[in-house]
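What the coordinates show
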Amino acid sequence: MSHDCIFCSIIDGAIPCYTVYETDETLAFLDANPLEPGHALVIPKTHHERLGDLPTELAARVWETVSELGPQIEFAVGADSMTIGMNDGAAAGQEVPHVHVHLVPREQGDGAGPIHAAFPGQQDVPDEELAELAESIRS
Ligand code: AMP
Ligand code: ZN
């Protein structure tokens, strides 16, 4: 529990939220500034800032909640699809430093595009460079 974390305060009950799903280890609630109706956040109930800070077991519990809840939101709001993702770290746009997964309902023609739309100008990377990168990540 972090005293200056808004999501810890939600878990504590000090700040209200619209809960949509809850387990012993995770909580899901509606985003206060939804990108689309039904936009929800899934969080672990203990304070961890980044994905890499989460114990693997807890990361699995978070993903279980995401996979249970995603289709339920889609059904409830009559959406066609979902964009599911994280802003993991400040440079990626993370504003609340408590791990959270965004679930955003999508519809054909909503104009928001795929996650790829956040990165204008795809790079053409030579095979050798891909091989080096893969080796570096593996090791
Ligand atoms: P991020 O930029 O990935 O850190 O996203 C943080 C998200 O938390 C934003 O979409 C905010 O709208 C949402 N948010 C911030 N405060 C609250 C709150 N008290 N209740 C619900 N959602 C919140
Ligand atoms: Zn927190």
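What counts and how
Residues numbered from 1 in each chain as written. Chains lettered and ligands numbered in written order. Predicted model: local features only at pLDDT ≥ 70, side-chain atom pairs only at ≥ 80, totals over all residues. Heavy atoms only, no water. Donors = N, O, S within 2.8 Å, 3.2 Å for Na, K, Ca; no water. Tetrahedral: all angles 85-135°; square planar, octahedral: opposite > 155°, others 65-115°. Buried < 20%, exposed > 50% of the residue type's maximum accessible area, 1.4 Å probe, protein only. Near = heavy atom within 4 Å. Areas by Shrake-Rupley, 256 points an atom, 1.4 Å probe, with all protein chains shown as cover. Helix = DSSP H or I, 4+ residues; strand = E, 2+ residues; numbered from the N terminus. Nonpolar A, V, L, I, M, F, W, Y, C, P; charged D, E, K, R; others polar. Polar contact = N/O pair within 3.5 Å; in protein donor to acceptor, adjacent residues only side chain to side chain. Contact = heavy atoms within 4.5 Å. Expected span 1.5 Å × (residues − 1). Bend = angle between axes of the 7 residues up to and from the residue. Pairing = 2+ DSSP bridges.

Those donors, Cys5 (SG), Cys8 (SG), His47 (ND1) and His98 (ND1), are the protein atoms that reach the zinc ion (ligand 2), and they lie 2.0 to 2.3 Å from it. Metal-centred angles of 107 to 117° between the four donor atoms at the zinc ion (ligand 2) mark the site as tetrahedral. In primary sequence terms, the donor set of the zinc ion (ligand 2) follows C-x2-C-x38-H-x50-H. For Cys8, a relative accessible area of 2% translates into the label buried.

Our focus in this paragraph is the site of ligand 1. Around ligand 1, 16 residues are found, and the nearest of them are Asp31, Asn33, Glu95, His100 and His102. In isolation ligand 1 has 500 Å² of accessible area, and contact with the protein removes 83% of it. Among the elements that line the shell around ligand 1, the one with the most residues is helix α1 (residues 6-12), at three residues. Looking at the shell around ligand 1 residue by residue, the class counts come to eight nonpolar, six polar and two charged.

Looking at the element boundaries, His102 is found in strand β5 (residues 101-106). In this structure the side chain of His102 is engaged in a polar contact, spanning 2.9 Å, whose partner is the side chain of His39. Beyond its immediate stretch of four places on either side in the chain, His102 contacts Asp31, His39, Ala40, Leu41, Thr83, Ile84, Gly85 and Asn87.

A word on helix α2 (residues 56-77). Spanning 22 residues, α2 covers 31 Å between terminal C-alpha atoms, matching the ideal 32 Å at 1.5 Å per step. Most pronounced at Leu69, the bend in α2 amounts to some 25°, and the proline Pro71 follows within four residues. Taken residue by residue, α2 has Leu58, Val62, Thr65, Val66, Leu69, Gly70 and Ile73 as its buried positions. Those residues of α2 that are buried are in contact with β1 (19-22), β2 (26-30), β3 (40-44), β4 (81-85) and β5. Looking one or two residues past α2, Gly78 carries a phi angle of roughly 70°, positive in sign.

Now for the pairing of β2. Two faces, one strand: in a regular strand the side chains alternate between the faces of the sheet. Among the five residues that make up β2, four are buried, leaving the element largely enclosed by the rest of the structure. As defined by bridge partners, β1 adjoins β2 across three bridges and the pair is classed as antiparallel. Looking at the pairing, Tyr21 lines up with Ala28 of β2. In textbook terms, the turn of a hairpin is the stretch between consecutive antiparallel strands, and for β1 and β2 this stretch comprises three residues. The pairing of β2 with β3 spans five bridges and is antiparallel. Residue pairing across strands places Leu27 opposite Ile43, the latter belonging to β3.

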